[in-house]
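Spelled out from the first residue to the last, the chains are:
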Amino acid sequence: MARGPGPGAGGRAAAGGGRPFPRECCEGLGGLEYGQVDVTAMARLFGYVDVTDSGFIAAVLSIAFNPLFWNVVARWEHKTRALSRVFGSPHAACYCLGAVILMLNCVRSHCFTEAMKSQPKLEGLDCHWAYYSGLAILAVGTVFVISSFLALGFTGTFLGDYFGILMEAKVTSFPFSVLDNPMYWGSTAIYLGWSLMHASPAGLLLTAVVAISYTIAMLYEGPFTEEIYRQKQKGVKNK
């Protein structure tokens, strides 16, 4: 629009074996023994987050729902052209879907912010360096999002290819010359920066949910979009 680790058990007994995991399993990490890893910092971070809080749950649901919604609706439109018929044209249907996605993103950002406000701050991040680092990350993310939108246009950004509104050529200018899916990663960076500015461990955890959701969306959208353009090229060659 865009993807928690389990506890380390290197020094503990294996679930079915009754003996520690061999040291060889950790050679790829410089011979690190997980039993010697201090998990206090991780436990402290999660100690600040109440994952049962209604506001936190609402934020998680809104984060997960958005990419699910636009992928389901866009694929349905690609298969049936139902929205194009209802709104009279593919462009009108795409603009309406884009408006709905923007509203959903506003709801998601509101839920994200309210979830941060309802939970405690992390003292180690409640300082000037973290605030300005977050501000810088947020600014970079904003640049990626805005420049992606300008490069793709409205229909290119909001799934126009699913409506049959195809671009003439693949966009390779900035920010696509820097990284793939800059809109998704820019949005993730915005949430990361916002979380650091608020010294919010809940925000950091929600940012991870954003990244996971976008990663899953990219895994579904990438191949499907490539197939749309393969079919376009095949149609051109057959003419």
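Model, not experiment: these values are computed from the prediction.

Peer 1: Please explain the packing of aromatic side chains as it appears in this structure.
Peer 2: This structure, assessed with the given rule, holds 10 aromatic pairs. With a centroid separation of 5.9 Å and 25 degrees between ring planes, the pair formed by Phe 144 and Phe 174 is classed as stacked. Remark: Phe 174 occurs in the loop between α5 (128–157) and α6 (182–197) and Phe 144 occurs in helix α5; sequence separation between them is 30 residues. Members of the aromatic cluster, each reached through a chain of ring pairs, are Tyr 95, Phe 149, Phe 154 and Phe 158. One residue, Arg 75, lies across the ring of Phe 224, its end atom 4.2 Å from the ring centre.

Peer 1: Honestly, the pattern of salt bridges in this entry has me stumped. Any pointers?
Peer 2: Side chains that differ in sign of charge can pair as their charged atoms come close. Tallied over the full model, the rule gives two salt bridges. For Lys 117, the salt bridge is made with Glu 114, and the minimal N-O distance between the two is 3.8 Å. Of this pair, Lys 117 and Glu 114 both sit in helix α4 (residues 90–117), three residues apart, roughly one helical turn. On the basis of relative accessible area, Glu 114 is assigned to the partly exposed category, the value being 36%.

Peer 1: What is the right way to read the nonpolar core from this model?
Peer 2: One broad rule of soluble globular proteins: the nonpolar side chains tend to lie buried together. Core analysis: the biggest nonpolar cluster contains 31 residues, and Leu 159, Phe 163 and Leu 206 have the highest contact counts within it. Counting residues per element, the ones that place at least two in this core are α2 (54–80), α4, α6 and α7 (201–238). It is α4 that provides the largest number of residues to this core, a total of eight residues. Tyr 48, Ala 130, Leu 196 and Ala 199 belong to the second largest nonpolar core, which has six residues in total.

Peer 1: Is there a simple way to think about unusual backbone geometry in this case?
Peer 2: Glycine aside, residues mostly have negative phi, and peptide bonds are mostly found in the trans state. The omega torsion of the bond from Phe 174 to Pro 175 falls at 5 degrees, within 30 degrees of zero and hence cis. Residue placement: Pro 175 occurs in the loop between α5 and α6. Although it is not a glycine, Arg 81 sits at a positive phi angle of roughly 60 degrees. The partly exposed category is assigned to Arg 81, whose relative accessible area is 30%. The phi angle at Asn 181 is positive, at roughly 50 degrees, despite the residue not being glycine. With respect to the helices, strands and loops of the structure, Asn 181 is situated in the loop between α5 and α6. Relative accessible area serves as the criterion here: at 34%, Asn 181 is assigned to the partly exposed category.

Parameters and conventions
- Residues numbered from 1 in each chain as written.
- Predicted model: local features only at pLDDT ≥ 70, side-chain atom pairs only at ≥ 80, totals over all residues.
- Heavy atoms only, no water.
- Phe/Tyr/Trp six-rings, centres within 6.5 Å; stacked < 30°, edge-to-face > 60°.
- Helix = DSSP H or I, 4+ residues; strand = E, 2+ residues; numbered from the N terminus.
- Lys NZ or Arg CZ within 6 Å of the ring centre and 35° of its normal.
- Salt bridge = Lys/Arg side-chain N within 4 Å of Asp/Glu carboxyl O.
- Buried < 20%, exposed > 50% of the residue type's maximum accessible area, 1.4 Å probe, protein only.
- Core = buried A, V, L, I, M, F, W, Y, C linked by side-chain atoms within 4.5 Å.

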